[in-house]
Amino acid sequence: LYYVGAALAGTACLTGGLMDVLIAKCEGVSTPVLVNCAAVSGLIIIVSACQVLQGCRVLSSDIAKISWADWIILIGLALSSLLAFTSMTLALKLISPNLVSSLRTVELILAYGVQALVTKESPDIWSCFGGGLILSGVLMLTFQDKISEIFSVIHVSPYNGFYQTIPAQYGYQRIGD
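So, here's what we can say about the structure. (Residues numbered from 1 in each chain as written. Predicted model: local features only at pLDDT ≥ 70, side-chain atom pairs only at ≥ 80, totals over all residues. Heavy atoms only, no water.)

Regarding the overall build of the chain
Next, step 1: Tallying secondary structure elements over the chain gives seven helices and two strands in all.
Next, step 2: Secondary structure of the chain in N-to-C order comes out as α-α-α-α-α-α-α-β-β.
Next, step 3: A total of 177 residues make up the chain; the buried ones form 15% of that total.
Next, step 4: When contacts within the chain are restricted to residue pairs at least 6 apart in sequence, those whose partners lie at least 24 apart make up 44%.
Next, step 5: When the accessible surface of the chain is summed, it comes to about 13600 Å², and 70% of that surface belongs to carbon and sulfur atoms. (Helix = DSSP H or I, 4+ residues; strand = E, 2+ residues; numbered from the N terminus. Buried < 20%, exposed > 50% of the residue type's maximum accessible area, 1.4 Å probe, protein only. Contact = heavy atoms within 4.5 Å. Areas by Shrake-Rupley, 256 points an atom, 1.4 Å probe, with all protein chains shown as cover.)

Have a look at this one:
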């Protein structure tokens, strides 16, 4: 089952990346339409899966046997998923899909935090190190324009008149005479 889970996770990554780009390309489509389209698609998948899977209680008379605690978890999961997808759809209309995808990797760090709270076990040192690397990478990508602005230098070439803009505090550097 490990390899099935890994294959499903890989498929989710590929389709998630495709989804990010396609949503960003849907400039003329409103966010509620995109979110409702995703919700209806999810409903169709659930109804189809319940017809095939053994022990599915949602579309049967066994629906009454689902505990209140499970209903609260299911409703909370549905609401948080809808809020997350709506937020991501809005973000994709405002910023680059690359940045949105990178920021979504912070979910790993948050998942470790939630897991630590629920199971009362702290993550090992390698997980913390990996979380730090993820966070630093996301921060570098988020602020890449500011970082490149800080480290850029203007180059003035007397031969072809090529100029590149830099921040004023760095002055000018002449390239070869």
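Considerations on the side chain of S127
Next, step 1: Turning to its location among the elements, S127 is positioned in helix α6 (residues 125–142).
Next, step 2: A polar contact is formed between the side chain of S127 and the side chain of Y112, at a distance of 3.4 Å.
Next, step 3: A polar contact is formed between the side chain of S127 and the side chain of D124, at a distance of 2.6 Å. (Polar contact = N/O pair within 3.5 Å; in protein donor to acceptor, adjacent residues only side chain to side chain.)

Quick look at unusual backbone geometry
Next, step 1: The phi torsion at K120 lies on the positive side, around 60°, for a residue other than glycine.
Next, step 2: Along the polypeptide, K120 turns up in the loop between α5 (106–119) and α6.

Details of the packing of aromatic side chains
Next, step 1: Considering all chains together, one arrives at two aromatic pairs under this definition.
Next, step 2: Consider the rings of Y2 and Y3, whose centres lie 5.5 Å apart with planes at 80°: the pair is edge-to-face.
Next, step 3: Accessibility expressed as a relative area gives 64% for Y2, which makes it exposed.
Next, step 4: Summarising the aromatic geometry, the rings of W126 and F129 are spaced 6.2 Å apart at their centres and angled 85° between planes, so their arrangement reads as edge-to-face. Note that W126 and F129 are positioned in helix α6 at a spacing of three residues, about one turn of the helix.
Next, step 5: Look at W126 and you get exposed, because its relative accessible area is 65%.
Next, step 6: F129 gets classed as partly exposed once you look at its relative accessible area, which sits at 47%. (Phe/Tyr/Trp six-rings, centres within 6.5 Å; stacked < 30°, edge-to-face > 60°.)

Quick look at the state of the cysteines
Next, step 1: In total, this model carries one disulfide according to the counting rule given.
Next, step 2: Here C37 stays unpaired: no disulfide links it, and the sulfur of C26, its closest cysteine neighbor, is 8.9 Å away. (Disulfide = S-S within 2.5 Å.)

A short note on a nonpolar patch on the surface
Next, step 1: On the surface, a cluster of nonpolar side chains totalling about 710 Å² of accessible area is made up of L135, L139, M140, F143, I147, I150 and F151.
Next, step 2: Mapped onto the nonpolar patch, the elements with two or more residues apiece are α6 and α7 (144–151).
Next, step 3: Structurally, F143 is set in the loop between α6 and α7.
Next, step 4: A residue is classified by how much of its surface remains accessible, and F143, at 45% relative accessible area, is partly exposed. (Patch = residues over 30% accessible without salt bridge, like charges linked within 9 Å, V, L, I, M, F, W, Y side chains within 5 Å. Salt bridge = Lys/Arg side-chain N within 4 Å of Asp/Glu carboxyl O.)

Honestly, that's just the spatial picture; any functional story needs more than this.
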